[in-house]
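Per-entry structural report
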Amino acid sequence: MKIGLVDVDGHRFPNLALMKISSWHKGNGDKVEWAGSLEHYDKVYMAKVFTFTNDDLQAYQTEKFIKGGTGYDLASKLPEDIERCYPDYELYGIKDTAYGYLTRGCPRQCPFCIVGQKEGTNSYKVVDLPQFWSEQRYIKLLDPNIIACPDWENLLGQLADSGAWVDFTQGIDIRLMTDEKAAAINKVKYSMLHFAWDNPADMGTLEKLKEYRSVWKGSQRNRSVYVLTNFDSTHEEDLYRVYALRELGYDPYIMIYDKIHAPKETRYLQRWVNNKRIFRTIKYFKDYDHTRG
Ligand code: SF4
């Protein structure tokens, strides 16, 4: 069969589902390529992760269309035999980085997040590391809440034993931190730790960040905290979190909910905080001349 793939979100971040679909079809002797409108395919798979991405309206010639991903609907799932495939990293020309999930699900049910609805409100182990890692130097871990999983110790141990540089891309839930979990995380050769302080009223998160601030390896630059804005917070509350985090030795990183409709001030705040060259030079937002940004 001839298979066409479409990554509707663009190619900035590899689509894991498409890499698994590619792997499964190649394993079955099929020809797989990025779909083009002049070719004819037995099947075309279109994947879209983000709801805000416009759909691909290009006409493809195919016997069968399969659309999937959270950008289309929350219910679509890969068949189990495809889900378990080792990703075809070649599809995106990826040489030395592995991408994947060791766990799925999250108990938190944050109102702006679809993980609970899509994957369930328990964190549970889905695979062991070799399912998506084969001696690559870097690992981009996509788990929503790995330390909420009862198997956290085993899974963090697998990451530590890999010797690869691990980026916990989706954030580690600081509210669940214990000394044992922090020690297990520190055994991992991590390149970046991400935490989150989404709700400014949640002082428990601030307390936990404070409690563990001197535990982490490395410098402020590799311990980042996502600060959710434009979702039930005022500009003052956003600034408060940014300053408090910097004071504690964490690197704030602004996330904007529904960015298209966000106030200008919030977008300027994001530009100031997330551009680290500017953020380290200009200490206060009031001094940031956004007209030059
Ligand atoms: S903790 Fe993270 S993954 Fe879990 S529901 Fe909240 S935002 Fe989603």
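Everything here concerns the structure above.
Residues numbered from 1 in each chain as written. Predicted model: local features only at pLDDT ≥ 70, side-chain atom pairs only at ≥ 80, totals over all residues. Heavy atoms only, no water.

Right, let's get into the packing of helix 7 (residues 235-248) against helix 8 (residues 264-274). The contact between helix 7 and helix 8 brings their axes to 11 Å, and the two run at 10°. It follows from the interaxial angle that helix 7 and helix 8 lie roughly parallel. Of the residues in helix 8, those touching helix 7 at His235, Asp238, Leu239, Val242, Tyr243 and Arg246 are Glu265, Leu269, Trp272 and Val273. Across the contact of helix 7 with helix 8, the residue classes tally to six nonpolar, one polar and three charged. (Axes fitted to C-alpha atoms, helices over the stretch in contact; angles between N-to-C directions. Helix = DSSP H or I, 4+ residues; strand = E, 2+ residues; numbered from the N terminus. Parallel < 35°, antiparallel > 145°, perpendicular 65-115°, else oblique. Contact = heavy atoms within 4.5 Å. Nonpolar A, V, L, I, M, F, W, Y, C, P; charged D, E, K, R; others polar.)

All told, the structure shown has 17 aromatic pairs when counted by the stated rule. Centre to centre, the rings of Phe195 and Trp216 are 5.4 Å apart; their planes meet at 40°, and the pair counts as tilted. Note that Phe195 is positioned in strand 10 (residues 190-196) and Trp216 in the loop between helix 6 (203-211) and strand 11 (223-229), a separation of 21 residues in sequence. Of the two residues, Phe195 and Trp216, neither departs from the other in class, the shared state being buried. When the centroid spacing of 6.3 Å and the interplanar angle of 35° are considered together, the rings of Tyr212 and Trp216 count as tilted. On the basis of relative accessibility, which here comes to 4%, the residue Tyr212 falls in the buried class. Over the aromatic face of Tyr41 sits the side chain of Lys2, whose NZ or CZ is 5.3 Å from the ring centroid. (Phe/Tyr/Trp six-rings, centres within 6.5 Å; stacked < 30°, edge-to-face > 60°. Buried < 20%, exposed > 50% of the residue type's maximum accessible area, 1.4 Å probe, protein only. Lys NZ or Arg CZ within 6 Å of the ring centre and 35° of its normal.)

Here we have six strands laid out as an open sheet, ordered 5-8-9-10-11-12, and parallel in their pairing. Of all strands in the sheet, those bounded by a partner on one side alone are strand 5 (97-100) and strand 12 (251-256). Here the strands of the sheet are splayed against their neighbours by 20° on average, with no regard to which way each runs. As paired strands, strand 5 and strand 8 (residues 138-141) are joined by four bridges and run parallel to one another. Its bridge partner lying in strand 8, Ala98 is registered against Ile139. Packed onto the sheet, helix 8 meets strand 11 and strand 12 and runs at close to 150° relative to strand 12. (Pairing = 2+ DSSP bridges.)

The subject of this paragraph is a nonpolar patch on the surface. Residues Val49, Phe50, Phe52 and Ile260 make up a contiguous nonpolar surface patch of about 430 Å² in total accessible area. On the secondary structure map, Phe50 appears in the loop between strand 3 (40-47) and strand 4 (61-68). (Patch = residues over 30% accessible without salt bridge, like charges linked within 9 Å, V, L, I, M, F, W, Y side chains within 5 Å. Areas by Shrake-Rupley, 256 points an atom, 1.4 Å probe, with all protein chains shown as cover. Salt bridge = Lys/Arg side-chain N within 4 Å of Asp/Glu carboxyl O.)

The subject of this paragraph is unusual backbone geometry. The residue Glu135 is not glycine, and still its phi comes out positive at about 70°. Relative to the elements of secondary structure, Glu135 occurs in the loop between strand 7 (124-125) and strand 8. Taking the relative accessible area as the measure of exposure, Glu135 reaches 64% and is therefore exposed. Although it is not a glycine, Asn230 sits at a positive phi angle of roughly 60°.

Tallied over the full model, the rule gives 18 salt bridges. Salt-bridge contacts for Lys2 lead to Glu39; the nearest nitrogen and oxygen are separated by 2.6 Å. Pair noted here: Lys2 is in strand 1 (residues 2-7) and Glu39 is in the loop between strand 2 (31-34) and strand 3, with a separation of 37 residues, a long-range link. With relative accessibility at 34%, the residue Glu39 sits in the partly exposed group. Ionic pairing is found between Asp88 and Lys26, a salt bridge with its closest N-O pair at 2.7 Å. One end of the pair, Asp88, is in the loop between helix 2 (80-83) and strand 5; the other, Lys26, is in helix 1 (residues 16-27), and 62 residues separate them in sequence. Exposure remark for Asp88: the relative accessible area of 10% places this residue in the buried category. Each of Lys20, Glu83, Arg104 and Glu119 takes part in one network of salt bridges that share partners.

This paragraph deals with a negative patch on the surface. Taken together, the side chains of Glu153, Asp179, Glu180 and Glu211 make up a negatively charged region of the molecular surface. Along the polypeptide, Glu153 turns up in helix 4 (residues 152-162). Exposure remark for Glu153: the relative accessible area of 55% places this residue in the exposed category. (Lys, Arg positive; Asp, Glu negative; His and termini not counted. Charge placed at Lys NZ, Arg CZ, Asp CG, Glu CD.)

Attention now moves to the sheet that holds strand 2. Spatially, the four strands line up as an open sheet ordered 2-1-3-4, and their pairing is parallel. Since the sheet does not close on itself, it has two edges, and those belong to strand 2 and strand 4, each with one partner. The average angle at which neighbouring strand axes cross in this sheet is 25°, direction not considered. Across seven bridges, the pairing between strand 3 and strand 4 is parallel. Directly across from Met46, in strand 4, lies its bridge partner Lys67. Here helix 1 sits on the sheet and contacts strand 1, strand 2 and strand 3; the angle it forms with strand 1, its principal contact strand, is near 175°.

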